[in-house]
Amino acid sequence: MAEFSRVLMVVNPISGGKDKSDIVEEVEKQVSGRNLELEIYYTSGKWDKEALFSVIEEYDPQRIISVGGDGTIKLIAELLTDDSIPIGIFPAGSANGLAENLNLDRNNAELTRIALGEKFKLIDAILINDELCLHISDIGLNAALIKNYQEGNIRGKLGYLIQSIPTLIKSDFPFQFNIEVDGKEISRKAVLIAVANAKKYGTGSKINPNGRYDDGKFEILIFKEFNIPQILQTFRENVEIDEDFLEIISAVETRIYSQKNIPFQIDGEYRGDVKEVTARISPIKIKIAVP
Ligand SMILES: Nc1ncnc2c1ncn2[C@@H]1O[C@H](COP(=O)(O)OP(=O)(O)OP(=O)(O)O)[C@@H](O)[C@H]1O
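The structure displayed is predicted, hence computed values, not measured ones.

(A) Summary view of the nonpolar core. Judged by nonpolar contacts, the single largest core of 60 residues is most densely connected at Leu8, Leu52, Ile65, Leu98, Phe223, Ile286 and Ile288. Considering every element that reaches this core, the biggest residue donor is strand 1 (residues 6-11), with five residues. Discounting chain neighbours no more than four positions away, the residues touching Leu52 are Leu8, Val10, Tyr41, Leu75, Ile76 and Leu79. Core analysis: the next-biggest nonpolar cluster, separate from the first, contains 25 residues, Ile186, Val195, Phe264 and Val277 among them.

(B) Spotlight on the site of the ligand. Lining the immediate surroundings of the ligand are 17 residues, of which Gly16, Thr43, Gly71, Thr72 and Ser94 lie closest. A distance of 3.1 Å separates an oxygen atom of the ligand from a polar atom in the side chain of Asn12. Between an oxygen atom of the ligand and a main-chain N or O atom of Gly71, the distance comes to 2.7 Å. Out of a free accessible area of 640 Å², the ligand has 67% covered by protein chains.

(C) Inspection of a negative patch on the surface at higher detail. There is a patch of like negative charges on the surface, built from Asp19, Asp22, Glu25 and Glu28. By the element assignment, Glu25 lies in helix 1 (residues 21-33). Overall, Glu25 belongs to the exposed group, its relative accessible area being 53%.

(D) Spotlight on the pairing of strand 1. For strand 1, the buried fraction is high: five of the six residues fall into the buried class. In the sheet, strand 1 pairs with strand 2 (residues 37-42) via six bridges, with the strands oriented parallel. Each residue of the ladder has a partner; that of Arg6, found in strand 2, is Glu37. This β-α-β element, strand 1 to helix 1 to strand 2, shows right-handed connectivity. With five bridges connecting them, strand 1 and strand 3 (residues 63-68) associate as parallel partners. Bridge assignment links Val11 to a residue of strand 3, and that residue is Val67.

(E) Fine view of helix 6 (residues 141-151). Summarising burial for helix 6: eight of the 11 residues are buried, a large majority. Regarding helix 6, the residues found buried are Leu141, Asn142, Ala143, Ala144, Leu145, Ile146, Asn148 and Tyr149.

(F) The environment of Gly45, seen in detail. Mapped onto the elements, Gly45 comes out in the loop between strand 2 and helix 2 (48-59). Placed 33 residues apart in sequence, Gly45 and Asn12 show a C-alpha to C-alpha distance of 8.4 Å.

(G) How the structure looks around helix 3 (residues 70-77). Judged by how many residues are buried, helix 3 sits mostly within the fold: seven of eight residues are covered. Burial in helix 3 covers these residues: Asp70, Thr72, Ile73, Lys74, Leu75, Ile76 and Ala77.

(H) How the structure looks around the side chain of Gln265. Looking at the element boundaries, Gln265 is found in strand 14 (residues 253-266). Taking relative accessible area as the criterion, Gln265 reaches 2% and is therefore assigned buried. Contact partners of Gln265, with chain neighbours within four places excluded, come to Ile136, Ser137, Asp138, Asn142, Ala143, Ile146, Tyr270 and Arg271.

Rules used throughout
- Residues numbered from 1 in each chain as written.
- Predicted model: local features only at pLDDT ≥ 70, side-chain atom pairs only at ≥ 80, totals over all residues.
- Heavy atoms only, no water.
- Core = buried A, V, L, I, M, F, W, Y, C linked by side-chain atoms within 4.5 Å.
- Buried < 20%, exposed > 50% of the residue type's maximum accessible area, 1.4 Å probe, protein only.
- Helix = DSSP H or I, 4+ residues; strand = E, 2+ residues; numbered from the N terminus.
- Contact = heavy atoms within 4.5 Å.
- Near = heavy atom within 4 Å.
- Polar contact = N/O pair within 3.5 Å; in protein donor to acceptor, adjacent residues only side chain to side chain.
- Areas by Shrake-Rupley, 256 points an atom, 1.4 Å probe, with all protein chains shown as cover.
- Patch = residues over 30% accessible without salt bridge, like charges linked within 9 Å, V, L, I, M, F, W, Y side chains within 5 Å.
- Salt bridge = Lys/Arg side-chain N within 4 Å of Asp/Glu carboxyl O.
- Lys, Arg positive; Asp, Glu negative; His and termini not counted.
- Charge placed at Lys NZ, Arg CZ, Asp CG, Glu CD.
- Pairing = 2+ DSSP bridges.
- Right-handed = clockwise from strand over helix to strand, strands pointing away.

Dropping the structure here:
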């Protein structure tokens, strides 16, 4: 017998451009087979935080299932005040960075069993400029590409590539950064600085071999040069990354700043051009149901 009864499923109907009815059906089937209660909240893209807050207050779920991308998991995680409610994940967005790092690429029946199961991982979240980051945030060239991509009207990978060219030509990288970490201040020239718990970007590029979700730390990844062969290396299985290309520092808190405004992104969403990024491990861990 499950030790919980009230399940809340949060479905983003538009994420990843995919229909979610087969997922909903599978969850309904397994939930009724176990005599659990189910409530479904469909996101609208407007006032979801406020509306979902009320649903959680009233329904008092003991398990929450996220059907969407990283944005949907984040919506849920930001509303939880402790790590008592486990979150089950269906990677159903265009960006599923967290699920990819947790080995959740499976069929609906298996994902439902995992989501309703009793095996969990408590993961660290990073608060970056006071916003929750589940995956990777960065300042510099990658965020500039995301900014361009979101402002452009060409969707998909080809669009990303086409948008990239003017950014690379226009951009005045490398940028000059100062970084406060562990009571020291260091100065670095870099094309981008990422803050990450995850091992890899959603594209599969493994940039953070030391990244662990449960070690109470995150990594600051300082990419010193725009080196295409080295970037391609990061897509291979056992990556050997050259220190002249990438310097990695583990931290629990950091402040990164630059003299001028530089594009900044959190979990794939452009968040403006900024001069300063602060990051710290959130005091609240997130409990994820895992295989
Ligand atoms: N019904 C809806 N209509 C339009 N937008 C929505 C709707 N529901 C949620 N959204 C938006 O979807 C985004 C979250 O998407 P999510 O991360 O779940 O999937 P995604 O496919 O990876 O999304 P994206 O491609 O935008 O990163 C949020 O910006 C949210 O406001």
